[in-house]
Amino acid sequence: MIIKPKFRGFICTTSHPVGCAHSVQEQINYVKKQKPIQGPKKVLVIGASTGYGLASRIVATFGSGASTLGVFLEKPASNGNTATAGWYNTAAFETAATEAGYYAKSINGDAFSDQVKEKTIALIKEELGQVDLVVYSIAAPRRTHPVSGEMFTSVIKPIGDSFTSKTIDMNSNEIVDVTLEPASEQEIRSTVAVMGGEDWERWMHLLKEAGVLAPGATTISYSYIGPKLTYPIYKEGTIGRAKDHLYATSKEINKQIQDINGRAFVAVNKALVTQASAAIPVVPLYLMLLARVLGKKGLDENCIEQMYRLLANRLYCAEKLLNGDHLIRIDDYEMQDDVQAEVSALWEKVCIGEIDIIPDLEEYRKEFFKLFGFGFDDVQYEEDVREEVPILSIKS
C-alpha cells in the first residue's frame, strides 16, 4: 500500500515502516560514529519503542555493546491499517541489532500489569541472568492498577488557578489565547498514579525480589522541568506534581537497592517534539522558539544525542560528574541563562505579532512527521510498501 500521514486531532493515525526504519538507522549511525561507552552490558528498557526509551536502547546496544530487552505496548498492522510507529521502530532496531551480533528481544504488552512484569522477569532469568541497567521511560495516558484494578487517566491541567497564555493553532497557523481550568483533586491523584513513580518502584521491587538485578545495577527514569514560561502548565501543574512524585520515588528506590550497591536516578531531559508535547498548550510554540535559539548557538540536540551524552558523560563517566541528589540535568543547554533570555524575548515579539513564526512552524511539523516515519528525503513515499512488518522476537 502507499502510506500517507492521516490525523485525528493531535494524533497521527498512520506510520511508515520504511521511514521508521530510516529514522532508527540514522540514530544507530550516529552512535556508531561516537566513542564507545564503558557502560551497561545487560539492559532492560521499559517503554522501549519510541523517543528517549528507544534512543536509550540504541545507545546501550551500539554504544556499549549491551544485550537489551525492551518492553512496550504497540499495535502491529492489521486489516489494512498500518502498525504504530513504535512497532516499526522496534522491528527495525531488532533486525539491525541482531545482524550486528547483539542480543535484542522484546515483550509487547501493558507494562503496568504484573503479568508483563512476570513475563519479563522469567525471560531475564532464562536468557540474561541479571540486568545491570533498568531504564523506565513510559509515557502513557492511562493506567490500570495491578492490585486494585482502578483505572487512572492523566490530565494536563494547572493546579489551583486557571491559566491563560498564548499558543499556536496548528490548523490556522495563528497565535491564539488558550485558557485551561484547574485540575480537581481526583485528576491530580490520577495523573500522579499514571505518570509518577509508583509503577517504576513496583518494577524495581519485583526485579530485586526475583534476583535479576546485578550487583551495582543502575536504574533511571526521565523527567522534564522547563522554563518559568511553562511552569503553570507543566512544573506547577498536574504533570509537575507527577514528576515530583517520580523524583521522590527515586530516593526510595535508592534505599531499596543499597544492599546491592545499586543506584537510581531521574534525568531531566530537554524539551523535544513528541506526540505528547504536541497536545500540551503553550509547549509547541515554546519548542519552535527554543529550536531557533539552540540551532543558532549550535546547541540543539535530538533524542539520540541527548541519550548518548547521558550515558557517556553522566551515568558512565569516569569523572563522576553526578551530584549527590541523584537528579541528572541533561537539559543544561536548554536552561542556559542566555538561551532562556533569547527565547523569552522572541516569545514577547511573537505575542504582539512582531516576528514571523511560519518557518519555525514548518520545522516543527517536519520533526513531528518524522516521529511517524514521514518526511525523510531518502524515502520514496509514492512507492507501495508492505505494512505488515514482523518484530523478530515476537511471534505473530
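As the structure is a computational prediction, the values presented were derived from the model and not from experiment.

## A closer look at unusual backbone geometry
What you tend to see is this: most non-glycine residues have negative phi, and most peptide bonds are trans.
At step 1: The backbone phi angle of Asn79 is positive, close to 55°, even though this residue is not glycine.
At step 2: Along the chain, Asn79 turns up in the loop between β4 (67-72) and α3 (85-99).
At step 3: Despite not being glycine, Asn261 has its phi angle at roughly 60°, a positive value.

## A closer look at the packing of aromatic side chains
At step 1: Per the stated rule, a full pass over the model turns up ten aromatic pairs.
At step 2: Ring centres of Tyr136 and Trp200 lie 6.4 Å apart, and the angle between their planes is 25°; on these two criteria the pair is classed as stacked. Linking Tyr136 in strand β6 (residues 131-136) with Trp200 in helix α6 (residues 198-209), this pair joins segments that are 64 residues apart in sequence.
At step 3: For Trp200, a relative accessible area of 0% gives the class buried.

## So, the side chain of Ser106
At step 1: Within the fold, Ser106 resides in strand β5 (residues 104-108).
At step 2: Side-chain polar atoms of Ser106 contact the side chain of Arg57, separated by 3.2 Å.

## Focus on the pairing of β6
At step 1: Burial runs high along β6: five of the six residues are buried.
At step 2: For strand β3 (residues 42-46) and β6, the ladder comprises four bridges, and the chain directions are parallel. In the strand pairing of β6, Ile46 is matched with Tyr136.
At step 3: Here five bridges tie β6 to strand β11 (residues 213-223), and the two strands are oriented parallel to one another. Across the sheet, Leu133 pairs through a bridge with Thr218, a residue of β11.

## Considerations on the pattern of salt bridges
At step 1: In the structure shown here, the tally under the stated rule is 21 salt bridges.
At step 2: In this structure, Glu198 and Arg143 form a salt bridge, with 2.6 Å as the shortest nitrogen-oxygen distance. A residue pair is termed long-range when its members are at least 10 positions apart, and Glu198 in helix α6 and Arg143 in strand β7 (residues 142-144) qualify at 55 residues.
At step 3: Overall, Glu198 belongs to the partly exposed group, its relative accessible area being 33%.
At step 4: A salt bridge links Asp360 to Arg292, with the shortest nitrogen-to-oxygen separation between them at 2.6 Å. One end of the pair, Asp360, is in helix α12 (residues 358-370); the other, Arg292, is in helix α9 (residues 283-297), and 68 residues separate them in sequence.
At step 5: Of the residues examined, Asp360 reaches a relative accessible area of 9% and is grouped as buried.
At step 6: Sharing partners across several salt bridges, the network here consists of Lys296, Lys297, Asp338 and Glu342.

## Notes on the sheet that holds β11
At step 1: Taken in spatial order, the seven strands line up as β5-β4-β3-β6-β11-β12-β13 in an open sheet, and their pairing is parallel. Only two strands of the sheet have a single neighbouring strand rather than two, namely β5 and β13 (327-329). Averaged over all neighbouring strand pairs, the angle between strand axes comes to 20°, with direction disregarded.
At step 2: Together, β4 and β5 form the strand contacts of α3, whose direction differs from that of β5 by roughly 160°.
At step 3: The strands touched by α6 within the sheet are β3, β4, β6, β11 and β12 (263-268), with β11 carrying the most contacts at an inclination of about 170°.

## Here's the deal with the UniProt feature "domain: Trans-2-enoyl-CoA reductase catalytic" (unreviewed entry) in the protein chain
At step 1: Per the UniProt record, the feature "domain: Trans-2-enoyl-CoA reductase catalytic" (unreviewed entry) sits at residues 82-316.
At step 2: Secondary structure across residues 82-316 comprises 44% helix and 20% strand; the distance between its end C-alpha atoms is 38 Å.

## Thoughts on the packing of helix α1 (residues 17-32) against α3
At step 1: Here α1 crosses α3 at 50°, and the two axes come no closer than 8 Å. Judged on the interaxial angle alone, α3 and α1 are oblique. By crossing handedness, the relation of α1 to α3 is classed as right-handed. In contact with Pro17, Cys20, Ala21, Val24, Gln25 and Ile28 of α1, α3 contributes Ala85, Tyr88, Asn89, Ala92, Phe93 and Ala96.
At step 2: Grouping the constituent residues of the contact of α1 with α3 by class yields ten nonpolar, two polar and no charged.

## A short note on helix α5 (residues 185-195)
At step 1: Along α5, the positions that sit buried rather than exposed are Ile188, Ser190, Thr191, Val192, Ala193 and Val194.
At step 2: Among the structural elements, β7, β8 (151-153) and α7 (238-256) are those in contact with the buried residues of α5.

The rules behind each value
Residues numbered from 1 in each chain as written. Predicted model: local features only at pLDDT ≥ 70, side-chain atom pairs only at ≥ 80, totals over all residues. Heavy atoms only, no water. Helix = DSSP H or I, 4+ residues; strand = E, 2+ residues; numbered from the N terminus. Phe/Tyr/Trp six-rings, centres within 6.5 Å; stacked < 30°, edge-to-face > 60°. Buried < 20%, exposed > 50% of the residue type's maximum accessible area, 1.4 Å probe, protein only. Polar contact = N/O pair within 3.5 Å; in protein donor to acceptor, adjacent residues only side chain to side chain. Pairing = 2+ DSSP bridges. Salt bridge = Lys/Arg side-chain N within 4 Å of Asp/Glu carboxyl O. Axes fitted to C-alpha atoms, helices over the stretch in contact; angles between N-to-C directions. Contact = heavy atoms within 4.5 Å. UniProt positions renumbered as here; feature names shortened; annotations may be inferred. Parallel < 35°, antiparallel > 145°, perpendicular 65-115°, else oblique. Left-handed = near helix turned anticlockwise from the far one by under 90°. Nonpolar A, V, L, I, M, F, W, Y, C, P; charged D, E, K, R; others polar.

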